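Now for the letters of each chain:
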Amino acid sequence: MELRKQRLIKIFVTYIYKYYPKQYDKTIWLIGSGRSGTTWVSSLINFNNSFRELFEPFHPSYSELSAVGFCQHKYLNDANDNIAIETLSSQILKGNFYQKRSEEANRFIWQRPRYKNMLIKDIFTNLLAYQICKTNKYVKPVLLIRNPFSVALSKSRTKDWYWMTDPIDFLNQKELMNDFLNPFENLIKDISKNGTHLDKQILIWSIINYVPLKQFKGNELLVTFYEDWVINPEKELNRIQEFVKLDLSVNGDFKDFKKFKKPSKTSVTNNFSISNWKSQINQEQLKSASDILERFGFKELYDENSIPNHFILESLIEENK
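Definitions and cut-offs
- Residues numbered from 1 in each chain as written.
- Predicted model: local features only at pLDDT ≥ 70, side-chain atom pairs only at ≥ 80, totals over all residues.
- Heavy atoms only, no water.
- Buried < 20%, exposed > 50% of the residue type's maximum accessible area, 1.4 Å probe, protein only.
- Helix = DSSP H or I, 4+ residues; strand = E, 2+ residues; numbered from the N terminus.
- Contact = heavy atoms within 4.5 Å.
- Polar contact = N/O pair within 3.5 Å; in protein donor to acceptor, adjacent residues only side chain to side chain.
- Phe/Tyr/Trp six-rings, centres within 6.5 Å; stacked < 30°, edge-to-face > 60°.
- Lys NZ or Arg CZ within 6 Å of the ring centre and 35° of its normal.
- Expected span 1.5 Å × (residues − 1).
- Disulfide = S-S within 2.5 Å.
- Pairing = 2+ DSSP bridges.
- Axes fitted to C-alpha atoms, helices over the stretch in contact; angles between N-to-C directions.
- Core = buried A, V, L, I, M, F, W, Y, C linked by side-chain atoms within 4.5 Å.
- Salt bridge = Lys/Arg side-chain N within 4 Å of Asp/Glu carboxyl O.

(A) Main features of helix α6 (residues 148-157). Of all ten residues in α6, eight are buried, a share of seventy percent or more. Turning to α6, its buried residues number three or more, namely Pro148, Phe149, Ser150, Val151, Ala152, Leu153, Ser154 and Lys155. In the core, the buried residues of α6 are packed alongside α9 (197-215) and α13 (283-295). Capping the start of α6, asparagine 147 holds a side-chain oxygen 2.9 Å from the backbone nitrogen of phenylalanine 149, two or three residues further along.

(B) Here's a closer look at the packing of aromatic side chains. Under the definition given, this model contains 13 aromatic pairs. With centroids separated by 6.3 Å and ring planes inclined at 35°, the aromatic side chains of tyrosine 62 and phenylalanine 97 adopt a geometry described as tilted. Here tyrosine 62, found in the loop between β2 (51-55) and α3 (63-67), pairs with phenylalanine 97, found in the loop between α4 (83-94) and β3 (117-122); they are 35 residues apart in sequence, far enough to count as distant. Both rings, one in tyrosine 210 and one in phenylalanine 296, keep their centres 5.3 Å apart while their planes meet at 75°; by these two values the pair is edge-to-face. Of this pair, tyrosine 210 sits in helix α9 while phenylalanine 296 sits in the loop between α13 and α14 (310-319), placing them 86 residues apart in sequence. Given a relative accessible area of 13%, tyrosine 210 falls into the buried group. What links up through ring pairs into an aromatic cluster is the set Trp29, Phe58 and Phe70. Between the NZ or CZ atom of lysine 140 and the centre of the ring of phenylalanine 243, over which it lies, the distance is 5.2 Å. Against the face of tryptophan 163 rests lysine 155, its NZ or CZ located 5.1 Å from the ring centre.

(C) View of α4. Relative to the 16 Å expected for twelve residues at 1.5 Å per residue, α4 spans 16 Å between its end C-alpha atoms, a close match to the ideal helical length. Buried within α4 are the following residues: Ile85, Glu86, Leu88, Ser89, Ser90, Ile92 and Leu93. The N-terminus of α4 is capped by asparagine 82, whose side-chain oxygen sits 3.2 Å from the backbone nitrogen of alanine 84. One or two positions beyond α4, positive phi appears at glycine 95, with a value near 90°.

(D) Here's a closer look at the state of the cysteines. Following the criterion strictly, the structure yields zero disulfides and no others. Lacking any disulfide linkage, cysteine 71 is separated from the closest cysteine sulfur, that of cysteine 133, by 18 Å.

(E) Up close: the environment of isoleucine 292. Along the chain, isoleucine 292 turns up in helix α13. When its relative accessible area of 2% is taken as the criterion, isoleucine 292 is described as buried. C-alpha separation for the pair isoleucine 292 and aspartate 199, spaced 93 residues apart in sequence, amounts to 7.7 Å. For isoleucine 292, the residues in contact, after removing those within four places along its chain, are Ile191, Asp199, Ile202, Leu203 and Ser206.

(F) Layout of the sheet that holds β3. Strands sit in the order β2-β3-β1-β4-β5 across an open sheet of five strands; the sheet is parallel. Every other strand in the sheet has two partners, leaving β2 and β5 (222-225) as the edge strands with one partner each. Looking at each pair of strands side by side, their axes are set apart by 20° on average, direction ignored. Strand direction decides the pairing type here: strand β4 (residues 139-145) and β5, joined by four bridges, are parallel.

(G) Molecular detail of the nonpolar core. Of all hydrophobic cores here, the largest spans 70 residues; its most connected members are Trp29, Ile145, Phe170, Leu181, Phe296, Phe298 and Leu301. Per-element accounting of this core gives the leading share, ten residues, to α9. In this structure, leucine 181 is in contact with Phe170, Leu176, Ile188 and Ile207, ignoring residues within four places of it in sequence. Within the second largest apolar cluster, 24 residues are counted, among which are Leu44, Trp229, Leu237 and Ile274.

(H) Quick peek at unusual backbone geometry. Positive phi, close to 70°, is recorded for arginine 35, a residue that is not glycine. Tracing the chain through its elements places arginine 35 in the loop between β1 (27-32) and α2 (38-45). Given a relative accessible area of 12%, arginine 35 falls into the buried group. Of note, the phi angle at asparagine 49 is positive, near 60°, even though the residue is not glycine. Residue placement: asparagine 49 occurs in the loop between α2 and β2.

(I) Fine view of the pattern of salt bridges. Taken as a whole and assessed by the stated rule, the structure comprises eight salt bridges. Between glutamate 56 and arginine 101 there is a salt bridge whose closest N-O contact spans 2.8 Å. With glutamate 56 in the loop between β2 and α3 and arginine 101 in the loop between α4 and β3, this residue pair connects regions lying 45 residues apart in the sequence. Lysine 287 is the salt-bridge partner of aspartate 291, the closest N and O atoms lying 2.7 Å from each other. Pair noted here: aspartate 291 and lysine 287 are both in helix α13, with a separation of four residues, about one helical turn. Look at aspartate 291 and you get partly exposed, because its relative accessible area is 31%. A single network of salt bridges, built from pairs that share partners, joins Glu56, Arg101 and Lys121.

Note that all results are geometric; they support no functional claim without further evidence.
Printed below as a string of structure tokens:
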């Protein structure tokens, strides 16, 4: 009886969100790799709870998404046009979508009018964000990057979570290969066959960050680093504010905020160290992973203290245009 009641509630609420949409002033789409800190950073952007916050609405486990062919790190381009995915994507980005898991940060439906803006965070959409944003130009995409070693090691600690574990899966997407990955085909095959779990995750990280950096023009995408949020969150929040043209003024020291001090609900540690990964890998692992990063131009993206090298990022963006 309880299960039936929950299903009826979901049907009712889904109907309301889909057929009685609300117009939002601003929509931020925070994308990034899993374990890159997107949950924590989204909570900082929404520090004053002024956004309707959608938690990973683009998730392959949702029947609505799987039914239209969405999968982990799905790639789209003009030739690989998928009307069903693009239509559903537009609905999600406009807020005409409901899933209990995605909506858990928000109030009940009757308080929906209080949210003037919307914040969407996803970890499987780096490879289709450009195509979707082309037809939803009001959306402001923000790419969050975190040190690949921190990401890969975190995924090693959560192997039973919903991650891509073998980069060979990218070879099944012909348009993605033709557009970006053909030069890396042998590397992908070699790492898939002979690489360690760390190597595979480093390669996956490289691909899903390399592609959007190649696609978006400088003023179309804001790139922000997890490490910069740890060091100077006010500066990164100001960059979001300028990019979106939205007032996100903070009263007081942002580092004193509870949301800043508290790791996200998906965190498996209780600290914000940006360099503790160094003690968890050996020189052989470092060399192998660094060789992979070098192929994509990412080897020097972080300095020896795990601080992002913005000059390298700017060079990559400029080089890729």
